[in-house]
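Architecture at a glance
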Amino acid sequence: MKKIRWAKNSMPKTADKQLAVMSLENVGKARKFHESFPQYSVTPLAQLKGMAEYLGLGSLFVKDESYRFGLNAFKVLGGSFAMARYIAGQLGKDVSEVDYNYLTGDKLKEEFGQATFFTATDGNHGRGVAWAANRLGQKAVVLMPKGSVQSRFNNIAKEGAQVSIEEVNYDECVRRANAMAEKTEHGVMVQDTAWEGYEDIPSWIMQGYTTMALEAVQQLEQIRAQRPTHIFLQAGVGALSGGLTGFFADLYGDEERPIITIVEPNKADCIYRTAQANDGKLHFVTGRMDTIMAGLACGEPCTIGWEVLRDHADNFVSCPDYVAAKGMRVLGNPMPGDQRVISGESGAATLGFVAEVMQNESLDWLREALQLNENSRVLCFSTEGDTDRANYRRIVWDGLHPSF
């Protein structure tokens, strides 16, 4: 069985030039924009008292993004806000001036017309881009990597997007989509992977992701819960984890912020490898990356996200697939009195990791390194529901990918 690998952040601090991207001002604008959608509602924050006691933790909260806009995943937060910021920029406006009503009104058609938004996806991001483009009267073209699930393809196609499954991996799909956008009149690439010369839109996507983090903080305040001591974030390219890490660093300051641990699949652990190498270079994972955590199967780090993680994350972890499968089963079969959370393979990765560390005696060393104990107050984000329902049942019902 493959093992969990861990690297403590020992990298020297930098000038921290990317933290301003996740300023509370930008986060507030993203939240206000999302609130303007008629489909908006705050997603649940599950307080798992029984599970916390069972695992030996002080408290355990899981933000359940399966309710987001009826799309079963959080990704729409990033794509929709990036579209709004792009359109606002084209019109010489601030994003605060282009809410849902403005973007769906006749005046926008006169002032802006129509653009085609291109993206690459394993499913959730593409569905979010397609949904937002459809609602805002724009076009979407979505490329999916080899091995993508048909149900996720169908969900994107239902939103009116032009969608195809390519015979290449995710990172190559990104390159193909970008090349198509560059050749298309009014073509715009909407991707949370940043590279030299392509940084604005990824930064806007990261800002959009923080709506769920701001909601979680406010939900904790409403029930007068103490701030978390530990936050666990999953990483694909590192845009989600970088965005939320930057938000929490800005909100609490490095002296007061929780211990932040980044969790990845070991078949696509580009963030972990980059941190573990500690040589100032980005490290890529190539090939098929056939992990069950499809939303995290990315081999090339987002440069903006990585820069925030390098300066503010504390730990980096690479996990086998059974860790995510365990998280799915734990959340789907709660302790008495706890709320059930339907969490997909990528969504359950962090809770699965916490449960494994707290239960597996051979990982006592890692529990100590992470400073997890009966006083720890843990926050995780379940970023997706059962977006591949057939596989969800194979794992949760039939026991696929056991942890022994």
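Refer to the structure printed above.
Residues numbered from 1 in each chain as written. Predicted model: local features only at pLDDT ≥ 70, side-chain atom pairs only at ≥ 80, totals over all residues. Heavy atoms only, no water.

1. Observations concerning helix H1 (residues 24-35)
- In this model H1 runs 16 Å from its N-terminal to its C-terminal C-alpha over 12 residues, within 8% of the 16 Å that 1.5 Å per residue would give.
- For H1, every residue scored as buried is listed here: Asn26, Val27, Ala30, Arg31, Phe33 and His34. Relative to the axis of H1, the buried residues are bounded by an arc of 160° and lie together on one face. H1 presents Glu25 and Lys32 as exposed residues on the side facing more than 90 degrees away from its buried surface.
- Looking at the buried positions of H1, the neighbouring elements they touch are helix H3 (76-90), helix H4 (100-103), helix H9 (200-222) and helix H10 (239-252). (Helix = DSSP H or I, 4+ residues; strand = E, 2+ residues; numbered from the N terminus. Expected span 1.5 Å × (residues − 1). Buried < 20%, exposed > 50% of the residue type's maximum accessible area, 1.4 Å probe, protein only. Arc of directions from axis to C-beta. Contact = heavy atoms within 4.5 Å.)

2. Overview of the sheet that holds strand S4 (residues 116-120)
- Read from one edge of the open sheet, four strands run S6-S5-S4-S7, paired in parallel fashion. Edge positions in the sheet fall to strand S6 (162-165) and strand S7 (187-189), since each has one partner strand and no second. Between one strand axis and the next, the sheet turns through 20° on average, direction left out of account.
- As judged from the three bridges shared by S4 and S7, these two strands associate in the parallel manner. In the sheet register, Phe117 faces S7, and the bridge partner there is Val188. (Pairing = 2+ DSSP bridges. Axes fitted to C-alpha atoms, helices over the stretch in contact; angles between N-to-C directions.)

3. Re unusual backbone geometry
- One non-glycine residue, Asp16, lies in positive phi territory at about 60°.
- When you line up the elements, Asp16 lands in the loop between strand S1 (5-8) and H1.
- Among the residues examined, Asp16 registers a relative accessible area of 23% and is labelled partly exposed.
- Phi at Gln371 takes a positive value of approximately 60°, unusual for a residue other than glycine.
- Considering the arrangement of structural elements, one finds Gln371 in the loop between helix H15 (364-370) and strand S11 (377-382).

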